[in-house]
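Read off the chains here:
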Amino acid sequence: MGNMRLLLLLLGGLLGLQRSRCLEFVIDGEREDHGQPHLQDHRDRHKRAILTSEEQEDFEAIRGEDITVKSYKVESRITSRFAHTTVRSSVVNSGSKAQTIGFNVQIPKRAFITNFTMNVNGITFTGSVKEKTVARNLYAQARSRGKAAGIVRANSQDMETFKTEVHVPPGSNIEFELNYQEMMQRKLGFYEHSLHLQPGRLVPQFQADVYIYEPKGISKLETSTTLGDAFTDLVKVTQTPEKAHVVFKPTLQQQRKCDTCNDSAIDGVFRVKYDVSRDSNAGELQVSDGHFVHFFAPSNLPPLPKNIVFVIDVSGSMWGVKMKQTVEAMKAILDGLTIEDQFSIIDFNHNVRCWSEDLLPGSSVHVADAKKYIQNIKPVGGTNINEALMKAVQILVRASNQGLIDPRSVSMIILVSDGDPTVGEIKLSTIQKNVKKVMREDISLFSLGIGFDVDYDFLERIAMENRGMAQRIFANHDAAEQLRTFYSQVSNPLLRRVTVQFPEDSVSDVTQNQFDKYFGGSELVVAGKVLPSESDKLISYTTASAALLDITLETETDTSKLDMELAKQQHSFTGFARQLWAYVTIKQMITDRSLAPTAAKKRKITQRILALAMEHQFVTPLTALLVESEDTKERLLADYPKDPKQGCCSGGVMSGPRTPGLNPVQLVYQPPPWVQMTTPAPPSPVQKGPEEWTLPGQVNLVDNDPHFIVHLPQSNMDVCFNIDSEPGHILNLVSDRGTGVAVNGQLIAAKQEHLGKHATYFGVISVYHQPAGVAVTVSTAAIALSDGKRNYTFTWGATADIAQDGLRISIVKDRSVSVTVDHGIRVMVLLHRVWKKHPINVDFLGLYLPNSNPYSALVHGLIGQFSKEPEANVYDVHEGADPLKKEATMTVKGKEVRVTRGWQKDYRRDTRRGSDVYCWFVHNSGKGFIDGHYSHYIVPHLSSFL
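For the structure given in this document, a descriptive report is provided here. (Residues numbered from 1 in each chain as written. Predicted model: local features only at pLDDT ≥ 70, side-chain atom pairs only at ≥ 80, totals over all residues. Heavy atoms only, no water.)

1. Brief notes about the sheet that holds strand β12 (residues 190-197)
The four strands are arranged β11-β12-β17-β14 in an open sheet whose pairing can be described as antiparallel. Among the strands making up the open sheet, the edge pair consists of β11 (186-187) and β14 (218-225). (Pairing = 2+ DSSP bridges. Helix = DSSP H or I, 4+ residues; strand = E, 2+ residues; numbered from the N terminus.)

2. A closer look at helix α7 (residues 385-401)
Across its 17 residues, α7 extends 24 Å between first and last C-alpha, which sits within 8% of the 24 Å expected from 1.5 Å per residue. Considered for burial, the residues of α7 that qualify are I385, N386, A388, L389, K391, A392, V393, I395, L396, V397 and A399. One or two residues past the end of α7 sits G403, with phi positive at roughly 70 degrees. (Expected span 1.5 Å × (residues − 1). Buried < 20%, exposed > 50% of the residue type's maximum accessible area, 1.4 Å probe, protein only.)

3. Details of the packing of α7 against helix α8 (residues 428-438)
It is the contact of α7 with α8, at a shortest axis distance of 10 Å, that shows an interaxial angle of 5 degrees. By the angle between their directions, the pair α7 and α8 is classed as roughly parallel. Between α7 and α8, the residues in contact are N386, L389, M390, V393 and V397 and I431, N434, V435 and V438, respectively. The residue inventory of the contact of α7 with α8, partitioned by class, reads seven nonpolar, two polar and no charged. (Axes fitted to C-alpha atoms, helices over the stretch in contact; angles between N-to-C directions. Parallel < 35°, antiparallel > 145°, perpendicular 65-115°, else oblique. Contact = heavy atoms within 4.5 Å. Nonpolar A, V, L, I, M, F, W, Y, C, P; charged D, E, K, R; others polar.)

4. Some details on the packing of helix α12 (residues 576-594) against helix α13 (residues 599-616)
Their axes nearest at 10 Å, the elements α12 and α13 cross at an angle of 155 degrees. As the angle between them shows, α12 and α13 are arranged roughly antiparallel. In this structure, α12 meets α13 at a crossing whose hand is left-handed. Residues R578, Q579, W581, A582, T585, I586, M589, I590, D592 and R593 of α12 form the contact with α13, whose participating residues are K602, I605, T606, R608, I609, L612, A613, E615 and H616. (Left-handed = near helix turned anticlockwise from the far one by under 90°.)

5. Let's talk about the pattern of salt bridges
Side chains bearing opposite charge may pair, as long as their charged atoms lie close to each other. Summed over all chains, the structure comprises 33 salt bridges. Among the salt bridges present, the one from R88 reaches E177, with a minimum N-O distance of 3.1 Å. One end of the pair, R88, is in strand β4 (residues 82-93); the other, E177, is in strand β10 (residues 173-183), with 89 residues separating them in the sequence. Between K371 and D335 there is a salt bridge whose closest N-O contact spans 2.9 Å. In this pair, K371 is assigned in helix α6 (residues 364-375) and D335 in helix α5 (residues 321-335), connecting sequence segments 36 residues apart. What you see here is one network of salt bridges that share partners, running through R81, R186, E214, D275, R278, E284 and E523. (Salt bridge = Lys/Arg side-chain N within 4 Å of Asp/Glu carboxyl O.)

6. Observations concerning the sheet that holds strand β30 (residues 524-530)
Reading across the sheet, the four strands line up as β18-β19-β30-β28 and stay open at both edges, with antiparallel pairing between neighbours. Each having just a single partner strand, β18 (284-288) and β28 (507-508) make up the two edges of the open sheet. Pairing geometry for β18 and strand β19 (residues 291-296), over five bridges, is antiparallel. In the strand pairing of β19, Q286 is matched with V293.

Dropping the structure here:
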């Protein structure tokens, strides 16, 4: 091996052209800057890189002449959104001369390389992640033997290229293996995993496998390639509810460009897109290997109204395709505005102009006028970013001060620019300070940098400092689509101020758990370590503000169940939770480091990143991969990609920037007040159970098929009756025009008759509050809230508390819903689940109303009428036809009614068996006990009053 030249290159940065301002590290003796974070002066910002001929050449996974590629295999194991990918290749130098053989792999920019190994003629090179300076010092000792390392840039929007070259004698056998890991980001309702397959030649054993395991299940899965239609049918998918295996294995003949060609047709991207099943809006809490991950991706929520100021660079450098693509994208974006949204447009060069000085509704008239304004823009002149952003903030702040902005709406500035400031304030650090000074906490700034001339690092810093994010837009034929795609990710805000908390002493080392916004189709992720506990449960509490209401959601999971399941899965990634936590933590610390206000703070964060990256073996901006032979005499070095134009923190969390200045809330020392109402207070493992949240002992209820039980406090008796109505009928239970409250129930039927009778049950119960125009509709499938404009849906799968003006809803997972109207009127609905395959029974609901409900004097309904207790007496008690059921006569409402002594069930304490309530039963659908005939209580709609 003494004469063997080894070279390892990692594409993804710029070759020493410019020092990175946030991913700072040394190249060939440059010192890492641990000093005060700074922005380079204006002259340095105009140093622009050009693509070298090497970067422009066609990519090939395997390079070299007269070589035989025996195999090329890619395997990805995705477990709970965390992917571990291995790329292996086996190559032989079949030529007659020594030569350099290359092994290249394109990997996602968000991924961290975890290892690289190579075997050359029986000599194994093994990688290990070390602190960058340590790795370089060890590598430098081998430099005299002709080894070198360098870093160049990958010309790609979202990929980097790992490149290895090894000089070997003829007949040599070389085996390469690269491993990398990444957390899948949910965008527009999908997780997407991409594998770049470009071997550059025919391969006898070519195979790509993607194994997915999602504990909650896979709801949808799609595959696609850019390889052409001929390969579409070669992708095979095997799927079960929780697992999927996608395999792409073209034969040697199928790889050929034509039947007689020796060139490979495989040159493109192989994609797998999927989403997971979600049974509740509370999210998914998973515990494995001593770590937890909380995934939060609610749906069925109406979007928050938006207040948007678009700030568009129209300087001379935007002339041509950039402006054309921006105009095209803006037209589509404006078409997506609704009448509830407000917007304005600022265009700037050396001057700043406004389409409107005020925010205007997104009506068709205003949108048409705005599109016409944008169409007539002619790019010319310099770039005054500072004044444009000041004006945008001013428009939003003035509207807020004048009370023209809904306090529950989302305010954002979207900046589109392709250059550095050249007019007005041009010092980037001063612009940052100016924007930060005037920006309010309820405004977010999103930066879109078009092309390579823009100082992307500046755009990213200014966005992250102001609760937003940045993205580079590549100035090519699909730039308009890139702009539209980015906007679609931030145009559907569903929640504000999301916080995930945990009981005291249950978790530690929690990642970011406060998020300024949640956008539909995305996902918020919180991870941490689970502390030792006697309990086998972990609970999280998520609070958030929606368009009409405030929400608190409780999620609970078994801390040992998932590890047992993972052990059974052949292709799962059992260490996913530990690595995912480290991945998210490091990504967030890299962002914090780039924004660190002092050198001391920056050094402290640097040390934490180093320690974590080495412990979890991640190649980060501060670590390097040292690859050594077994005797450590031969060494290679892989540095992290250096790309100042790509910005400091590639791949920040799209869906939830946190508010700067807010410290992470890692623990909740007392559970929220509502938790004490509806569930046992954590963390004590000994609990009484549901008695703590039951309604008062004196209630009126309807349960089973349907049995009414009316409690008469003054007479100290319970009276029962059935209603034998038809499936589909809606029965009014409470009609109170004085308080504006109506409670109605809709009947459903059993699957088939039993003992000659088709039993009916309540399948839907509605509580309507007329003054607020709000209806809560509880079914066996879900709980819905509507105000006529917006609709919210919650499942039975999580404990939740929802507060809306004049209304409060408390859901206890798979058990009950309590609705409280501001007058103090309370309604509890119990859920009864039955075996899905039961031949007769169906899921149904029970209704419980306290006698103490403060109805008005106008109240009526099958139950409401008894808020004014009628005088009732029972006499002439005697044996009946059934020796266990005595008979008697009841006088009530001036009538005599025959009654039978029996019992019905109250299921509040035990939803399965219930507790017995002894009552006097009134026959014939309550005839004589209720006012009029039961058919008088049938109403047309769930929100109807009598």
